[in-house]
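The chain contents come next:
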Amino acid sequence: MLTGSKTTFKVRQMLPDIKERMLSQSGVNARSRDVFGLRCLPGECVLQRAVMVRKKLTAREGRGWLSGTLFCTHFRVAFVPQDSPKPDDNADPVLLGDHDVALASIDKVVVVGPNRTKLVTPNSSLKFTPEELVLYCRDMRVICFLFDRLTPDAQVIEITYTIAKTYQPLKPGSVLSFQNAALGSVEMKQFLSNRRRDTHMNWFESTSDWEQELERCGASGWRVSSVNDRFEMSTSLPRFIVVPQKVLDTELKKSFSHFNEGRIPRWCWRHPRGSDLLRMASFQNNIYHEKDDIRNLEMILFGCQSSLCVVVELGEELPSPADIQLAHSRLRALCLGDISTSVSVPDDKWLSTLESTHWLDYTRLCLRKASEVACLLRGGHLTVALQEAEDRDVSCVVSSLVQVMCDPHCRTQRGFQGLVQKEWVMAGHRFYSRINYHRDNDKEEAPVFLLFLDCVWQLWSQYPSRFQLTEDFLLAVHDSVHLPLFSSFLANCQRERCKRSQNHGQSYTPVNGWRDGPHPDSSSDPCDPPLPPVWDWALQYSKRRQDRFTQPVPPSPPLQPLLNGNLNTNPDAHKLTDTIPGSVFLFSRGTFSCPANLLPWRSTSSGIYKKSHRRAPSSEGVPGLERLLKAWALTDIPQGLTSNSGSQGPLDPFEPLLPVLMGPCMGLWKECYLRGALHAQAFSHPISANHPHPVERLAAEVQQLKDKLAQASAGPDVKPPIKTAERPLTDANLNQNTNNGTFLFPGSRPHGTCVSRVTAPPTSTNHQHASSRGRPPTTAAPSRSSHRDNSSKHTFLFGHSSSTEARPDQRYHPAPNNAKLPKSNGSVAS
Amino acid sequence: MEKSGSIDSLGSKRSSSRQPSVDSLSSTSTSRSDRSAQAKPPSAMSSDSMSTSAEFSPELRVSSLHVKPKTAVKQVLRDSEKEEPQLLPNETVQDMAQDITYFCPFTGAVRGTVMVTNYRLFFKSTDREPAFVLDLPLGVVSRVEKIGGASSRGDVSYGLVCKDMRNLRFAHKQMEDTLRKSIFEVLIKFAFPVSNGLQIFAFDYGQVFPENGWKVYDAISEYKRQGIPNESWRITKINDHYELCDTYPSTLAVPVNIPDEELRRVAAFRAKGRIPVLSWIHPESQATVTRCSQPMVGVNGKRSKEDEKYLQAIMDANAQSHKLFIFDVRPCVNAAANKKNGGGYESEDAYQNAELVFLDIHNIHVMRESLRKLKDVVYPNIEDSHWLSNLESTHWLEHIKLILAGALRIADKVESGKTSVVVHCSDGWDRTAQLTSLAMLMLDSYYRTIRGFEVLLEKEWLSFGHRFQLRIGHGDKNHTDADRSPVFIQFVDCVWQLTRQFPAAFEFNEYFLVTILDHLYSCLFGTFLCNSEQQRLKEEIPKRTVSLWSYINSQLEDFTNPLYVNYSNHVLFPVVSLRHLELWVGYYIRWNPRMRPQEPVHQRYKELLAKRAELQKRVDELQREVTNRSASSSSERAGSPTRSITPVQTFV
């Protein structure tokens, strides 16, 4: 049925070509821009260029085609639309433009000619002139360029060869050359070394970073220990770990040997109800232990909770890295629908094939485990220790998911970045091995982090208005993982990262250990090439796209910085009355147990056990714990949801976002995995791209009209074009959000925003109001009235009604301030 | 096939209003209450099931609509103090019973009281706080079966199979007084009024709404909106008394140069006399969508000069193209198999310049079976680990895909190919209605408004004789009737898929679609009664019942999509790959208490709507202001920024 239609649609698709081609021709002739508008990075040179190329736009980009010029450099395949504004040469370099793709993220190059397709390898030769060039990327994008008849054949063939020859970083070392192509030039190094790191997020690199987090969580009774400062205790743990205050470093040192890789239980996070989340590796068996070891260990495990500790075993129920890798490769094969091999799953087998990848099963398992842990933590005053054999894969997933569910801060962009720093980058997730940039260690490859991102997306799609970050942000993180450019992902642990920067000239003396200077705050340390952290988004994304990373209107007020452990306003509801203090339970496969030999060496000698001041393990606490978990089952979901129901009643921001894990509720992240799927566009009609949502356009029009008004009355000193130029930034953002129904947010907005809006000049205030119309009028009104009394009916949206129309001109004067305002949208949202 | 006889009688008899018998069931059985107490789930459950039903169930909405005009109290039934539901006008209590157990598949057994009226079943729990309430229009009951009986320790259990994707099970103690009828026997009587010689409740329902929904559709003005009559198309009154075709409307649009006498001869060649008539005409290219039934070709390959000439005339009416596409919606095999019943399809030899395309959509029996399987998969429990393959095995989404793909091809031919199309299946009242109406929805933005959609349903479905009475079986106990089929549900599902892909292109929201489907069964309104315009006229449906559109148009704000922008003249081309279709969980899985909308989207949309109105008003104001100013000061500035047409973005 579909094959029958194929031909007819192909014909139809060609129709607008002619029109567009003629348009594009005249356009180019008229402008004749030098270098066709590509802004090269310092040291970057164009290897090949092809004119009159059209890029196929995805549904997200608005579909249709965009004509322009295609470039291939040592670093990227770049595409410059013909009517894009002339680049500003003084702006900071952006590694990748909106339409560019880095060579390193290309997985496969395929050309489509008349009636055939061909996979192009560095050695292959073309016997026909391609009509289409399709780039399959490792981040699951598929980028399609169409060559016109007007594209010179030589250019077509040359650029295809050039891309095929340069893209593949198959050999070790090609990654380095890729990095050098991007960042290696003197100017680039200089530029990078002068870059400030984002101070709004927590990097978890210094003692003070951790202390800040302890304070944020209201976690008293814990301290930051630098016992691993030289990575002597554990090579994979960060330099600083958080341990109970009452445990001395000397006692601590004895514990490392009892754990796999020395990864002793460490504090990660404190739930507002006072429970602590810990992580640890599995116990090391058959090791000689001293009398005090048990006591030390218990002190670490119980942290500052005297009541009880639940050890959550992660390994058995959750997918192994190998499982994840297999599932992901299946998913990838399924979603990409590779035209070169023409192995595409037929539509009628799509669902079952998707199921058989098990990818959705794995996301469900992770979310379920995290939900269970979140429910346990909600019980208050207990310690939950996540235990995984190596403590470097799914424990990263679960610990960070728990925090995303329970901690609104982790649902903001900056908070999320901090979370990834804490639970992945610093905690020693082996990004380098798992991503396998060099393609030299397939056994270790496993996209554990991508599984985590998918889980976060599932939460986001079920609770979009509870997130300040957006799907675009998740996509940006997803795609960045595939670029071997960022220090965050190019190492397996902090030690490796430090080692790397040492190779690049950081002072390290074997005697004194690491220099205790201004710390890896690498802004001051010259490195070669200095790899930037992934969080420096300005390197990769234009301001316009970065603005899409956050909701234009933030969700419920971020309750930072204090979520202190005494949120226990209603403790009885959650308190475990029937547990005996000091018991350790093992939670595995959905049941609690108190095994005699949880600590493997305990059973060997009962004498030691008696030394412990803890009571014998009893099963008395089990019912209480199970009750906590029952909340997670069917019963509790609506409760979590009703608290969600918007304006009426204050919602408890710490009520975990428990996802619904029913089959129909687990979605496929189509925006990510099906972005490039060609069949998705089979029937799309070519229409012009990037139009903002109509409602947003309406708001923009209001703004335009206001500008005109202001101009008409205030005279020539006002320059509205600045504003109109920047308008689309938020437009596009909102457009995305509307599509997903995340327009409005219940609850009030943060005070910071209020202030910034109120102090802004009126015209721009109006602009803000218009663009963030999701806000309930009740909250918007006070800010307005504090500004000036205004009795008109619709003033909460617009500063002035027609009756006060004369006023804007008086208030419009602070124009320079005004010009910056649209930018503040981004910071406002954070 | 003809079942129309059953409906003929329904309006004629008035039901004798029975006195409610309150103390019907003696209810003191300690053993039973113990058992049900054991099965009792945590009490928190009741609250959520209750609010689930409050949010989703049609019955509550129905009751709220009844209440609304008088009091502002919307959700009366949340109030646990209320012992009884607010009865609708002319709704009378028929029976009540205490101590009934409802076996909720999600939360376990609940004990409470049941009330049966001539419109609904009302169950209210007595052992839960807040009370669990089930309010079910009897129209959704497809079948009532007695389960177990004497064997199970004196309990009598009844299962209610519903048309809206759920099954309910109740039980009560065995009657001591054997003469007394069980309340469920009473229920059977009122659930199937047609089979029991009673009148469907829609004829009693006396609510008056500010809007009159029966005035929504007028054939002449709809044709006029399309520009008919014009130089190529005329309106004929040949079927004024339903003599040409009793399943067609009285007003038909046909090619100008075919006189009425020839129409009769064409009718003789088309199954059930359903000749090709105009459904929609492209305002610019004059390409048309026409619909009909299969030609009576038969095994001998009969031909009809008049029919051939007629199709030629349809083609000639469109100067842009010298071709005509005939979409036979059926699979080729089925179409061929119809030959032995005298039917068949147009041969390309006989019809020059016509190209025949089969769209491979299966018949009503396949669709019924598919939906039955879907119900098995989604109700009550969903097997998470095999969800997708189970869903695939129902083939439901595949059928949806084929229908959408077919409609897309029609729309594409008309819009991009500027070619007229003829659409038919066997009789031209099921699949044909689906495809023409979906294609028109894609082609014409008018049908994407609330009123336009109502017009579309009135026109393509109701007036052209989709046999709602037979397909749904209103008030008919014969649940195994092979004529029942979810053809219309399937269509609404397709519309929902379109709204998912083009969230800003439709004036109505999901709730509108759910409401239509709820009242497809409820028998509260007369809209979906009977099989054809002729029958509806004969039963005086417009006079004796209330239209669903009266209710909907009286509170439009509930059904409006705030994201809507009228993209006039914009054609929607959806992506029909299964990869981009979704199961309509908001309809099929809405009974599952876990399946609640995560976000109070509805409310936020409404707020948004108000905001947008503000904005619009403001724009108008400013626009006036600007024109005033520029007129007064100088002419250098051109008035308002021109609004270019914003393209529709698919949301994949």
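Everything numeric in this text was worked out from a predicted model, so none of it was measured.

**Student:** For unusual backbone geometry, give the residues involved together with the corresponding values.
**Tutor:** The omega torsion of the bond from I228 of chain B to P229 of chain B falls at 0°, within 30 degrees of zero and hence cis. Turning to its location among the elements, P229 of chain B is positioned in the loop between α6 (219–225) and β8 (233–236). With omega at -10°, the peptide bond leading from Y379 of chain B into P380 of chain B counts as cis. One non-glycine residue, M52 of chain A, adopts positive backbone phi at about 60°. Counting through the fold element by element, M52 of chain A comes out in strand β1 (residues 46–56). Look at F204 of chain A: it is not a glycine, yet its phi comes out positive at around 55°. With respect to the element layout, F204 of chain A can be found in the loop between α4 (186–193) and α5 (207–217). In this structure F204 of chain A comes out as buried when scored by relative accessible area, which is 2%.

**Student:** Tell me about the sheet that holds strand β8 (residues 142–147) of chain A, and please be specific about residues and values.
**Tutor:** Residues and elements named next belong to chain A. Spatial ordering of the open sheet is given by β4-β3-β2-β1-β8-β7-β5-β6, a layout of eight strands whose pairing is antiparallel. Of all the strands in the sheet, the pair left with one neighbour each is β4 (101–102) and β6 (116–120). For strand β2 (residues 65–73) and strand β3 (residues 76–81), the ladder comprises five bridges, and the chain directions are antiparallel. Looking at β3, one finds that C72 is bridged to V77.

**Student:** Please set out the pattern of salt bridges residue by residue, giving values where relevant.
**Tutor:** One pass over the full model with this rule turns up 61 salt bridges over all chains. Of the charged contacts in the structure, one is a salt bridge between R216 of chain A and E213 of chain A, with a shortest N-O distance of 3.1 Å. One end of the pair, R216 of chain A, and the other, E213 of chain A, are both in helix α5, three residues apart, so they sit about a helical turn from each other. Overall, E213 of chain A belongs to the buried group, its relative accessible area being 5%. The partner of R590 of chain B in a salt bridge is D518 of chain B, with the nearest N and O atoms 2.7 Å apart. Of this pair, R590 of chain B sits in the loop between α21 (585–588) and α22 (601–632) while D518 of chain B sits in helix α17 (residues 510–522), placing them 72 residues apart in sequence.

**Student:** Before we move on, could you go through the packing of helix α14 (residues 448–462) of chain A against helix α15 (residues 471–480) of chain A and cite the residues and values that matter?
**Tutor:** Residue and element names in this part refer to chain A. At a minimum axis distance of 10 Å, the contact between α14 and α15 shows a crossing angle of 175°. Classified by the angle between their axes, α14 and α15 sit roughly antiparallel to one another. Across the interface between the two elements, F449, L450, L453, V456, W457 and W460 from α14 touch E471, L474, V477 and H478 from α15. For the contact of α14 with α15, the residue count by class is eight nonpolar, one polar and one charged.

**Student:** I'd like a rundown of the nonpolar core, residues and numbers included.
**Tutor:** If you look at the biggest cluster of nonpolar residues, it comprises 362 residues, and the most contacted ones within it are L121, F453, F488 and Y588 of chain B. In this structure F453 of chain B touches L441, Y446, Y447, F491, V495, F508, F512, L513 and I516 of chain B, once residues within four positions along its chain are discounted.

**Student:** Got a sec to walk through the UniProt feature "active site" (unreviewed entry) in chain B? Specific residues and values, please.
**Tutor:** Residues and elements named next belong to chain B. Under the UniProt annotation, "active site" (unreviewed entry) lies at C425. Tracing the backbone through its elements, the reader meets C425 in the loop between β14 (420–424) and α13 (431–443). Sequence-distant contacts of C425, defined by excluding residues within four places in its chain, comprise C292, S293, Q294, D328, V329, R330, D430, R431 and T432.

**Student:** An account of α17 of chain B is requested, with residue identities and associated values reported.
**Tutor:** Residues and elements named next belong to chain B. Between its terminal C-alpha atoms α17 stretches 18 Å, which fits the 18 Å expected from 13 residues at 1.5 Å a residue. Most of α17 is tucked away, with 12 of its 13 residues classed as buried. Of all the residues in α17, the buried ones are Y511, F512, L513, V514, T515, I516, L517, D518, H519, L520, Y521 and S522. Sitting at the amino-terminal end of α17 is N509, which places a side-chain oxygen 3.2 Å from the backbone nitrogen of Y511. Positive backbone phi, at 65°, marks C523, one or two positions downstream of α17.

**Student:** Summarise the environment of C40 of chain A; cite the residues concerned and give the values.
**Tutor:** Residue and element names in this part refer to chain A. Relative to the assigned elements, C40 resides in the loop between α1 (2–31) and β1. The class of C40 is partly exposed, set by a relative accessible area of 29%. Here the alpha-carbon distance between C40 and P93, two residues 53 residues apart in the chain, equals 8.2 Å. Beyond its immediate sequence surroundings of up to four residues, C40 is in contact with V46 and R76.

**Student:** Can you tell me about the side chain of S445 of chain B, naming the residues and giving the values?
**Tutor:** Here S445 of chain B lies in the loop between α13 and α14 (450–463). Ignoring anything within four residues of it in the chain, the contact list for S445 of chain B reads N566, Y567, S568 and N569 of chain B.

**Student:** If you had to explain the environment of D427 of chain B to someone new, which residues and values would you point to?
**Tutor:** All names here are of chain B. With respect to the secondary-structure elements, D427 resides in the loop between β14 and α13. With relative accessibility at 13%, the residue D427 sits in the buried group. Here the alpha-carbon distance between D427 and G344, two residues 83 residues apart in the chain, equals 11 Å. Polar side-chain contacts of D427 include one of 3.1 Å to the side chain of K272.

**Student:** Quick rundown of the UniProt feature "domain: Tyrosine specific protein phosphatases" (unreviewed entry) in chain B? Include the residues and the values.
**Tutor:** Here the UniProt-annotated "domain: Tyrosine specific protein phosphatases" (unreviewed entry) positions come out as residues 394–441 of chain B. Secondary structure content for residues 394–441 of chain B is 67% helix and 10% strand, while the C-alpha to C-alpha distance between its ends is 27 Å.

**Student:** Lay out the packing of aromatic side chains in plain terms, naming residues and giving numbers.
**Tutor:** All names here are of chain A. Per the stated rule, a full pass over the model turns up 63 aromatic pairs over all chains. Where F449 meets F452, the ring centres are 5.9 Å apart and the plane angle is 35°; that geometry is what we call tilted. Placement of both F449 and F452 in helix α14 is noted, with a separation of three residues, approximately one turn of the helix. Of the two residues examined, F449 and F452, each falls in the buried class.

**Student:** Could you give an account of the sheet that holds strand β11 (residues 266–270) of chain A, naming the residues involved and the relevant values?
**Tutor:** All names here are of chain A. Reading across the sheet, the six strands line up as β11-β12-β14-β13-β17-β18 and stay open at both edges, with mixed pairing between neighbours. Two strands lie at the open edges of the sheet, namely β11 and β18 (591–593), each paired on one side alone. Taking each pair of neighbouring strands and ignoring which way they run, the sheet shows an average axis angle of 25°. Sheet topology places strand β12 (residues 276–281) next to strand β14 (residues 382–388); six bridges connect them, and they run parallel. Residue pairing across strands places A281 opposite E388, the latter belonging to β14. Sheet strands in contact with helix α11 (residues 394–406) are β11, β12 and β14, and its direction is about 170° off that of β12.

**Student:** Tell me about the packing of helix α10 (residues 359–378) of chain A against α14 of chain A, and name the residues and values.
**Tutor:** Residues and elements named next belong to chain A. In contact at an axis separation of 9 Å, α10 and α14 are set at 75° when each is read in the N-to-C sense. Of the possible angle classes, the one that applies to α10 and α14 is roughly perpendicular. Residues W359, L360, Y362, T363, C366 and L367 of α10 touch α14, and the partners they reach there are L450, L451, D454, C455, Q458 and L459. Broken down by class, the residue content of the contact of α10 with α14 amounts to nine nonpolar, two polar and one charged.

**Student:** Run through the state of the cysteines, naming residues and quoting values.
**Tutor:** Residue and element names in this part refer to chain B. The final tally for this structure, using the stated rule, is zero disulfides over all chains. As a non-bridged cysteine, C104 has C162 as the owner of its nearest cysteine sulfur, 13 Å distant. Taking relative accessible area as the criterion, C104 reaches 8% and is therefore assigned buried. This cysteine, C530, is not joined by any disulfide, and C523 carries the nearest cysteine sulfur, 11 Å off. For C530, a relative accessible area of 0% translates into the label buried.

**Student:** Hey, could you go over the environment of I489 of chain B for me, with residue numbers and the actual values?
**Tutor:** Residues and elements named next belong to chain B. Mapped onto the fold, I489 is located in helix α16 (residues 487–501). What makes I489 buried here is its relative accessible area of 3%. Between the C-alpha atom of I489 and that of V414, which follows or precedes it by 75 residues, the distance is 26 Å. Sequence-distant contacts of I489, that is, excluding residues within four places in its chain, are made with L517, L520, Y521, Y587 and Y588.

**Student:** Report on helix α5 (residues 183–191) of chain B, specifying residues and quantitative values.
**Tutor:** Note: α-helices contain 3.6 residues per turn, so residues at a spacing of three or four share the same orientation. Residue and element names in this part refer to chain B. Of the residues making up α5, those classed as buried are I183, F184, V186, L187, F190 and A191. Viewed end-on, α5 has its buried residues packed into an arc of 150°, placing them on one side of the element. Elements in contact with the buried residues of α5: β1 (93–104), β2 (108–117), β3 (120–125), β5 (141–147), β6 (155–162) and β7 (167–173).

The rules behind these values
- Residues numbered from 1 in each chain as written.
- Chains lettered and ligands numbered in written order.
- Predicted model: local features only at pLDDT ≥ 70, side-chain atom pairs only at ≥ 80, totals over all residues.
- Heavy atoms only, no water.
- Helix = DSSP H or I, 4+ residues; strand = E, 2+ residues; numbered from the N terminus.
- Buried < 20%, exposed > 50% of the residue type's maximum accessible area, 1.4 Å probe, protein only.
- Pairing = 2+ DSSP bridges.
- Salt bridge = Lys/Arg side-chain N within 4 Å of Asp/Glu carboxyl O.
- Axes fitted to C-alpha atoms, helices over the stretch in contact; angles between N-to-C directions.
- Parallel < 35°, antiparallel > 145°, perpendicular 65-115°, else oblique.
- Contact = heavy atoms within 4.5 Å.
- Nonpolar A, V, L, I, M, F, W, Y, C, P; charged D, E, K, R; others polar.
- Core = buried A, V, L, I, M, F, W, Y, C linked by side-chain atoms within 4.5 Å.
- UniProt positions renumbered as here; feature names shortened; annotations may be inferred.
- Expected span 1.5 Å × (residues − 1).
- Polar contact = N/O pair within 3.5 Å; in protein donor to acceptor, adjacent residues only side chain to side chain.
- Phe/Tyr/Trp six-rings, centres within 6.5 Å; stacked < 30°, edge-to-face > 60°.
- Disulfide = S-S within 2.5 Å.
- Arc of directions from axis to C-beta.

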